[in-house]
Amino acid sequence: MGVASRFILRRKGGKGWHWTDIVTWLWLVGGLIIMFGPAVWLVFSSFKTPAGLAEFPPSILPYVTQQATVQGYDKPLQLFEAKLPDGSTRVLAEVRRIGIMSQMVDPKTPGELIRVNINDRTPVRTLSFATENYTQPFVHFDFLRYLWNSVFVTVTATLITLIVNSMAAFALSKYEFKGRSVAMLIILATLMVPLSVIMVPLYSIISSLGLFNNLWGVILPTVATPTGVFILRQYMLTIPDELIDAARMDKASEWQIYWRIVLPLTAPALAVLAIFSVVWRWNDFLWPLIVLSRRELYTLQVGLSIYSGELNVQWHFILAMTVVTMIPVVLVFIFLQRFITTGIAGTGLK
Amino acid sequence: MGEIKLTDIKKSFGSVHVLKDIDLHIKDGEFIVFVGPSGCGKSTLLRTIAGLEKVTGGEIEIDGKRVNEVTAADRGLAMVFQSYALYPHMSVRQNLAFGLENSNMPKAEVAERITEAARMLEIEPYLERRPGQLSGGQRQRVAIGRAIVRRPTAFLLDEPLSNLDAELRVSTRAELAALHARIGSTMIYVTHDQVEAMTLAHRIVVMRAGKIEQVGTPLELYNTPANRFVAGFIGAPHMNFLSAEVVEQEAGKATLLIGGSHRLLVPIAGHELSVGDKLTVGIRPQHITLANDPGSLTVKVRLVEALGSETVIHADLNGEKLLAVVPGQRQISPGDDAHFSVAGAPLHLFDGNGLRIKDK
């Protein structure tokens, strides 16, 4: 028992299992499974062959049934462990299945056909990672082009979002003017308008601006977000006005006050908004799908939808590419998570 | 040069009149202190001088030039804020340099001024630190340093010592006085602490409810307060006020009845008082002595605060509170009867409107 197990098995009061210890364990393990289970399943499933995906009951790890080339048969045959009437078990290759009976051959003695009830045989399976799920899309599809489009849209939109929203938040938090609270209220009210409501008018605006089939048509409508303005404004309200007065006495222009005083002090809130914006833009599907109709402009999310055709959904590619598209978001979270916690804590209390 | 002239300054926020007809002439090199209870408009007055608030009426002149429309940046003043308002994301050096860089000063001169100010304020070891890594006292110095490097026409200080602990406040107060003596610029200092005002100021401006109550040197205010408010505000503990009635009057003198039975003979040269007039008599607690003779004021002791070097006696005279500060340690306890003597004490007489009755 090392330090780790002593830490994990630490209990209330030191001795015995208190009921709260058990509840805590159940809660935490349950939480782990609920939160992490789907992600793990996704990652493992992305390594399954189409046959493995269709399998029932499903397995978590990617197994494949072993195959063997048997003399006298053109195609490789699947291997099974069969229980024979005499009670012995042998590894046999299945030739064909008729009803509930399976005709099998021993790979060593291909001449002799053995009939086995299908309930008496179990497939011989081994772990196998179908890496071609990952490699093939790179070869067959314009994965790198989609990736570039997604990165361009995400980075540009996030940068513009940060600048535009922080400017709005600065004005709404640090300047006294008539209609300030009305303006804030209107901005917040737009939170209640879903994309599907404004989709058609937005589309006609974008199209009359000539931004149809243009990545800027994806970027521009998304950059002004009420959530962003709200987060930043609330944070900026906590910056003392005396600092801004001090900067005014220090001959700073209004732009300098924004750029050199307010913006650096808003960094934690900006980080939070940056993470949100990256996740939003990266995962955007509907709007890019509407604006972009040329393949070479597709973002990853739109590109992924290619794999689900009308008749045939190529789940193995979809799953593999979903894993790939998840990576940047996960990375952003790993590197910026401390900003999220400090930022959220900072916006709440001082 | 740092001469500031305020004429008829008015300031209102909506229907609230914060400043009412302020007239004040601050001479070059003067250390002037605005003092008053909170909400009296002293900070607003300072911010109007700074240019951070626009006046609603009146005229502000700096060195003879009208500056009403001039922005805060161009008035050539520097301000030290109550919270210090140091830029938390910049090092001390950057904090000091920010204002100078904004006025496009050559780098060499910026560096030179920072070195000089840092030496003067003894903050050289902290120049590369962030404000968050400094103690309260150090931050306060940096805030003053940020004002000094600008070499302003006048310094505006908004309660700069209120965030320091009591001990540090006393030493910083002395340093501030020394700094003023050294630089010689005009300083306008806002505080609600009358001890700070008394110790620092050349002249004190006592304000109440947006109006100037009295302007004068600390001792002028202490010895001849113009009205009851100033009398009560300046001096610690506060002055005692007793209601009095004129019972007799002859040439230049009047006899007042206080505490129901005690008679006081006071000089009232040049004042018309008639028998029956109600007055207020102000006596500083320090001027009351303990007496044995029954001819003095007989009071009931309510509370005794023994401070070692002196004893503060809270007493009751026919329902009126009376405070006495007597030197040394006294054997007296609550519930006792005591005799207070005001013989020879400077008395301050205020008429029914609270204005001083001058004793020329």
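Draft legend 1. Summary view of the overall build of chain B. Along the backbone of chain B there are eight helices and 20 strands. The principal-axis extent of the C-alpha atoms belonging to chain B is close to 75 × 45 × 35 Å. For chain B, the proportion of its 360 residues judged to be buried stands at 37%. Considering only residue pairs separated by 6 or more positions, chain B has 63% of its internal contacts joining residues 24 or more positions apart.

Draft legend 2. Here's a closer look at the environment of B:A254. All names here are of chain B. Tracing the backbone shows A254 in strand 12 (residues 253-258). Distance from A254 to S274, taken between C-alpha atoms, is 8.9 Å for residues 20 residues apart in sequence. When residues no more than four places from it in sequence are discounted, the contact partners of A254 are V246, E248, Q249, V266, I268 and L273.

Draft legend 3. Up close: the domain arrangement of chain A. By domain assignment, chain A separates into domain 1 (11-45), domain 2 (63-127) and domain 3 (133-348). On a C-alpha basis, the centres of domain 1 of chain A and domain 3 of chain A stand 34 Å from each other.

Draft legend 4. Structural context of the domain arrangement of chain B. Residues and elements named next belong to chain B. Splitting chain B by domain gives domain 1 (4-233) and domain 2 (240-350). A straight line from the C-alpha centre of domain 1 to that of domain 2 covers 39 Å. With four residues of domain 1 in contact, the opposing surface of domain 2 contributes five residues. Grouping the constituent residues of the side of domain 1 that touches domain 2 by class yields two nonpolar, one polar and one charged.

Draft legend 5. Summary view of helix 10 (residues 241-249) of chain A. Residue and element names in this part refer to chain A. Summarising burial for helix 10: seven of the nine residues are buried, a large majority. Along helix 10, the residues classified as buried are L243, I244, D245, A246, A247, R248 and M249. Trailing helix 10 by a residue or two, K251 shows a phi angle of about 65 degrees, which is positive.

Draft legend 6. The sheet that holds strand 4 (residues 57-62) of chain B, seen in detail. All names here are of chain B. Here we have four strands laid out as an open sheet, ordered 2-1-4-5, and antiparallel in their pairing. Only two strands of the sheet have a single neighbouring strand rather than two, namely strand 2 (16-26) and strand 5 (65-66). Pairing geometry for strand 1 (residues 4-13) and strand 2, over seven bridges, is antiparallel. Within the sheet, the bridge partner assigned to L6 lies in strand 2 and is L24.

Draft legend 7. Seen up close, the packing of helix 5 (residues 143-174) of chain A against helix 12 (residues 267-283) of chain A. Residues and elements named next belong to chain A. Close contact between helix 5 and helix 12 brings their axes to 9 Å; oriented N to C, the two are set at 140 degrees. Classified by chirality, the crossing of helix 12 by helix 5 is right-handed. Seen from helix 5, the contacting residues are S150, V153, T154, A157, T158, T161, L162, N165 and S166; seen from helix 12, they are L270, L273, A274, S277, V278, R281 and W282. Classifying every residue of the contact of helix 5 with helix 12 by side-chain character gives eight nonpolar, seven polar and one charged.

Draft legend 8. How the structure looks around the interface of chain B and chain A. On the side of chain A, 14 residues touch chain B, which itself brings 16 residues to the contact. Contributing elements (two or more residues each) for the side of chain B that touches chain A: strand 6 (77-80) and helix 2 (92-102) of chain B. In terms of residue count, helix 2 of chain B provides more of the side of chain B that touches chain A than any other element does, three residues in total. In terms of residue class, the side of chain B that touches chain A is built from eleven nonpolar, five polar and no charged.

Conventions used here
Residues numbered from 1 in each chain as written. Chains lettered and ligands numbered in written order. Predicted model: local features only at pLDDT ≥ 70, side-chain atom pairs only at ≥ 80, totals over all residues. Helix = DSSP H or I, 4+ residues; strand = E, 2+ residues; numbered from the N terminus. Buried ≥ 20, exposed ≤ 12 C-beta atoms within 10 Å, placed from the backbone. Contact = placed C-beta atoms within 7 Å. Domains from an automatic or database assignment. Nonpolar A, V, L, I, M, F, W, Y, C, P; charged D, E, K, R; others polar. Pairing = 2+ DSSP bridges. Axes fitted to C-alpha atoms, helices over the stretch in contact; angles between N-to-C directions. Left-handed = near helix turned anticlockwise from the far one by under 90°.

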